[in-house]
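# A structural walkthrough
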Amino acid sequence: MWKSENINIGRVKAKEPVTVKFDYLSEGIFVSAKSSCGCSVPIWKDNYLEVIYTPNNIAKHLEDEGKTEYESVKHITVIMIEGYGQKNYDLKIQSTVYK
């Protein structure tokens with residue numbers, strides 16, 4: 001079990017790394033963590049998952065529409081062994097990315 005499986009980090013600047021911490025509250029064995037894209041790097045530490053998130057620039061088609069920010073949701077799939085079985089978690093980082 002995690003303290004929170006969905007963390008909204010608010011407004012973040014494109015291309016500037018942000019560290020997000022997901023606290024793990026159960027006793028379990030970490031197996032793996034995989035991000036939905038290369039802009040998020042998960043790192044398992046003592047009973048928490050640290051994710052270094054570096055948001056991408058605003059897409060050209062959005063800039064062409066005059067947009068200066070976009071909404072982002074990144075998924076981190078975490079596999080833990082809890083009790084006698086494997087448990088999969090879908091952790092999310094939400095943000096609004098601006099230029």
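The notes below deal with the structure included here. (Residues numbered from 1 in each chain as written. Predicted model: local features only at pLDDT ≥ 70, side-chain atom pairs only at ≥ 80, totals over all residues. Heavy atoms only, no water.)

Here we take up the overall build of the protein. What the protein contains, in helices and strands, is one helix and seven strands. Secondary structure of the protein in N-to-C order comes out as β-β-β-β-β-α-β-β. Considering only residue pairs separated by 6 or more positions, the protein has 64% of its internal contacts joining residues 24 or more positions apart. (Helix = DSSP H or I, 4+ residues; strand = E, 2+ residues; numbered from the N terminus. Contact = heavy atoms within 4.5 Å.)

Time to look at the sheet that holds strand β1 (residues 6-13). Strand pairs in the sheet, formed through backbone hydrogen bonds, run parallel or antiparallel to each other. Spatially, β1-β7-β6-β3 is the arrangement adopted by the four strands of the open sheet, whose pairing is mixed. On the outer flanks of this sheet lie β1 and β3 (29-35), each paired with one strand and no other. Averaged over all adjacent pairs, the angle separating strand axes in this sheet is 25°, with direction ignored. (Pairing = 2+ DSSP bridges. Axes fitted to C-alpha atoms, helices over the stretch in contact; angles between N-to-C directions.)

Here the focus is the nonpolar core. The biggest cluster of nonpolar side chains holds 21 residues, and the ones touching the most others in it are W2, F22, L49, V78 and L91. Put simply, the parts of the chain that give this core at least two residues each are β1, β2 (18-23), β5 (48-53), β6 (69-82) and β7 (85-98). Residues within four places of V78 in sequence aside, it is in contact with W2, F30, S32, A33, L49, K87, N88, Y89 and L91. (Core = buried A, V, L, I, M, F, W, Y, C linked by side-chain atoms within 4.5 Å. Buried < 20%, exposed > 50% of the residue type's maximum accessible area, 1.4 Å probe, protein only.)

As summarised here, the arrangement of the three strands in space is β2-β5-β4, forming an open sheet in which the pairing is antiparallel. Of all strands in the sheet, those with a lone pairing partner are β2 and β4 (40-45), marking the two edges. Strand-to-strand twist across the sheet, computed as the mean angle between neighbouring axes with direction ignored, equals 20°. By the bridge criterion, six bridges tie β4 to β5 in an arrangement that is antiparallel. When the sheet's bridge partners are listed, V41 is paired in β5 with I52.

Here the focus is the pattern of salt bridges. Taken as a whole, this structure holds seven salt bridges when the rule is applied. For D23, the salt bridge is made with K21, and the minimal N-O distance between the two is 3.6 Å. Here K45 ties to E50 by a salt bridge, and the two come within 3.5 Å at their closest N and O atoms. (Salt bridge = Lys/Arg side-chain N within 4 Å of Asp/Glu carboxyl O.)

Attention shifts here to a nonpolar patch on the surface. Residues I29, V31 and I81 make up a contiguous nonpolar surface patch of roughly 240 Å² in combined accessible area. With respect to the secondary-structure elements, V31 resides in strand β3. (Patch = residues over 30% accessible without salt bridge, like charges linked within 9 Å, V, L, I, M, F, W, Y side chains within 5 Å. Areas by Shrake-Rupley, 256 points an atom, 1.4 Å probe, with all protein chains shown as cover.)

Considering the arrangement of structural elements, one finds T96 in strand β7. Residue T96 is classed as buried on the basis of its relative accessible area of 14%. Separated by 3.0 Å, the side chains of T96 and E71 make a polar contact. When sequence neighbours within four positions are dropped, the list of residues in contact with T96 reads G10, R11, V12, E69, Y70 and E71. (Polar contact = N/O pair within 3.5 Å; in protein donor to acceptor, adjacent residues only side chain to side chain.)

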